[in-house]
Amino acid sequence: MTDLVSAKHLGQLIGLRRALLYAGVDDKSWNDWRWQLQNAVRTPEALAKVIALDADELASLRVGAASFRMTIPPYYLCLIDPTQRWCPVRLQALPSIAETATHAGERADPLGEDLHRPVPCLIHKYPDRALLLVTQVCPMYCRHCTRRRITRGGADSYPGLGANELGKAIAYLRAHHEIREVLISGGDPLMLSDAKLEGILSALRAVPHVEVLRIGTRAPVTLPMRVTTNLAACLRRFAPLFVITHFNHPKEVTAEAQSACERLVDAGIPVENQTVLMRRLNSDARIIRELNLRCLAMRVRPYYLHQMDVIEGGEHLRTPIAKGIEIIAALRGFSSGLAVPHLAIDLPGGGGKVTLQPEYRIGRSVGSTVFRSFRGGEFAYPDASDEDCSCPYDAQWIAMR
C-alpha cells in the first residue's frame, strides 16, 4: 500500500478546499470549463487571498509573474497545499523569482523549433512528422513550459492560428508527401472551441498522406471539465487520433482527471502521458512509479519521462541526467513494462529526441554476451551467428504496396 496520498483522500482534500474558497459555486458552474477559465487566478494579489504568502514569497511571485504570465483555474488551485512550499502542484503553477535567472546553455527556443519553421505556425523537424501550433494560450501556465517564448503573452507572442496561417500550413503539408503524422499543440489546443478544433482537424484529414493525428494537451490534468462527451465524440471522428497528456505527479491524478481520460479512452481515443522530470517535485523513483501505476489504472499509457528542456530560467527545476537513468533502473523489473516510460532528452538546438536507459550489458564471454539483471545478477546470452540478416520477402512486400 503506497504512503502517497490515496485518490480517495485526495478527493476529500479537494472538496474541503473547494468548500472553503468557492462555497457559493454550484456543481453546474464548477464543472463548466468556461466558468473555470473566467474565474482563474491571474495576479499575485489575487493568489495571496487564497494561499498564505509571506512578504518574500509575494515579492518573488510578482517578479516571476512579470516575466511569464500566470493563470490557475479554480479546480487546479484546489490541488495546491496552501501551507507547503514544496507542494508539487504549487511548484508547477506559482511563479518564482528563480525564473528570471538565466544560466549557461539555456535558450529561449531550447528545441530549435524556430529553425525548422517553414510557415508561421508549422514546425517540420522530423522527416515524417510536423508540429502545428494552433494557439498561444493554456488553461494553466506551467513554470517549466518549453514554449514560454510563445505562451508568455505580450506584443511579441505567437498570434494564434487564423485562416491565413492554417491555409499556409495545409499547403505546405500537401506539398510534402513524406509527412504522415501531425501533432497539434501550442499553447493548449483544447482551449479552442469544439467547432474551431473540428475545423482544424477536418483540414488536416483532407491531406491524403497525413495518416495519424496527435493532440498535445494538459487539459485532462489542469482543466479536466474541458474533456466533455461532445469533445470526445468530435475527436473520435478523426481516428487514428492520439491524445498526449502531461501528468507530472500522482497528486494530479484526481477523480475528475480520471473521468476526463476515461471519456477519451471509452470513445476509442488512446491517451498517453509525458512526464517532465523536475527537481524536488517528482525526482524520486517512488513518485514516478506511483504516478505511472495510477495512469495505467485509468488506461493512460506512460510514454515519456522527459529530461527537462534547457529553458531560460529553468535551472532550479532541472535534474542531472543521471537522476533519470537512476529512476528508470529502479522501475525496470520492479514495475510492469507498461509502467516504464522511455527516458528522453530533446537535444538543444533542434537535434531531436534521443532516449537513454541504464546499461545492462557488462561484457562478453566466448560466444556469449553477459548482462546484469534488474536484481544485479549476471546472465550470459548465447550469441547467434552474424550471417545474412536480410529479409527476402521485403522486395515483394514493397512491390505489393
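Data block above holds the structure.
From a predicted model like this one, the values you see are computed outputs, not experimental measurements. (Residues numbered from 1 in each chain as written. Predicted model: local features only at pLDDT ≥ 70, side-chain atom pairs only at ≥ 80, totals over all residues. Heavy atoms only, no water.)

(A) Expanded view of the overall build of the protein chain. Counting its regular elements, the protein chain contains 16 helices and 12 strands. Its C-alpha radius of gyration of 23 Å places the protein chain within 12% of the 21 Å reference for a compact globule of 401 residues. Its C-alpha atoms put the protein chain at 75 × 55 × 45 Å along the principal axes. By residue count, 50% of the 401 residues in the protein chain fall in the buried class. Pairs at least 24 residues apart make up 76% of the contacts formed inside the protein chain by residues separated by at least 6 positions. Summed over all atoms, the accessible surface of the protein chain reaches about 18,800 Å², with 55% contributed by carbon and sulfur. (Helix = DSSP H or I, 4+ residues; strand = E, 2+ residues; numbered from the N terminus. Rg over C-alpha atoms; globule rule 2.2 N^0.38 Å. Buried < 20%, exposed > 50% of the residue type's maximum accessible area, 1.4 Å probe, protein only. Contact = heavy atoms within 4.5 Å. Areas by Shrake-Rupley, 256 points an atom, 1.4 Å probe, with all protein chains shown as cover.)

(B) Broad picture of the layout of surface pockets. One number sums up the size of the largest pocket: a volume of about 1,100 Å³. Residue lining of the largest pocket: 39 residues in total, with Thr146, Arg147, Leu183, Ser185 and Gln274 positioned closest to the centre. If one sorts the elements of the lining of the largest pocket by residue count, strand β7 (residues 300-307) sits on top with 4 residues. Size it by volume and the second largest pocket reaches roughly 490 Å³. In this structure, the second largest pocket is lined by 18 residues; those nearest its centre are Arg85, Trp86, Leu91, Pro95 and Ser96. Of all the elements in the fold, those that place two or more residues in the lining of the second largest pocket are α5 (55-67) and α7 (88-93). Considering each element in turn, the lining of the second largest pocket owes the most residues, 4 residues, to α5. (1 Å grid on protein atoms, 1.4 Å probe; cavity = no way out; pocket = protein on both sides within 12 Å on 5 of 7 lines; lining within 4 Å. Points joined across faces, edges and corners; volume = space filled by probe spheres on them.)

(C) Just the sheet that holds strand β1 (residues 122-126), in detail. The sheet built from 9 strands is open, its strands ordered β1-β2-β3-β4-β5-β6-β7-β8-β9 with mixed pairing. In this open sheet, the two strands that pair with only one neighbour each are β1 and β9 (352-356). Adjacent strand axes in the sheet meet at a mean angle of 30° when their direction is disregarded. With 5 bridges connecting them, strand β8 (residues 342-347) and β9 associate as antiparallel partners. Residue Asp346 lies in a different strand from β9, and its bridge partner there is Lys353. (Pairing = 2+ DSSP bridges. Axes fitted to C-alpha atoms, helices over the stretch in contact; angles between N-to-C directions.)

(D) Quick peek at the pattern of salt bridges. Here the structure, examined in full by the defined rule, presents 27 salt bridges. Between Arg180 and Glu211 there is a salt bridge whose closest N-O contact spans 2.9 Å. With Arg180 in the loop between α9 (163-175) and β3 (181-185) and Glu211 in the loop between α10 (194-205) and β4 (212-216), this residue pair connects regions lying 31 residues apart in the sequence. On the accessibility criterion, Arg180 (31% relative accessible area) is partly exposed. Taking the shortest distance from any N to any O, the salt bridge between Arg318 and Glu315 comes out at 3.0 Å. Through salt bridges with shared partners, one network takes in Asp109, Glu113, Asp114, Arg117, Arg147 and Arg149. (Salt bridge = Lys/Arg side-chain N within 4 Å of Asp/Glu carboxyl O.)

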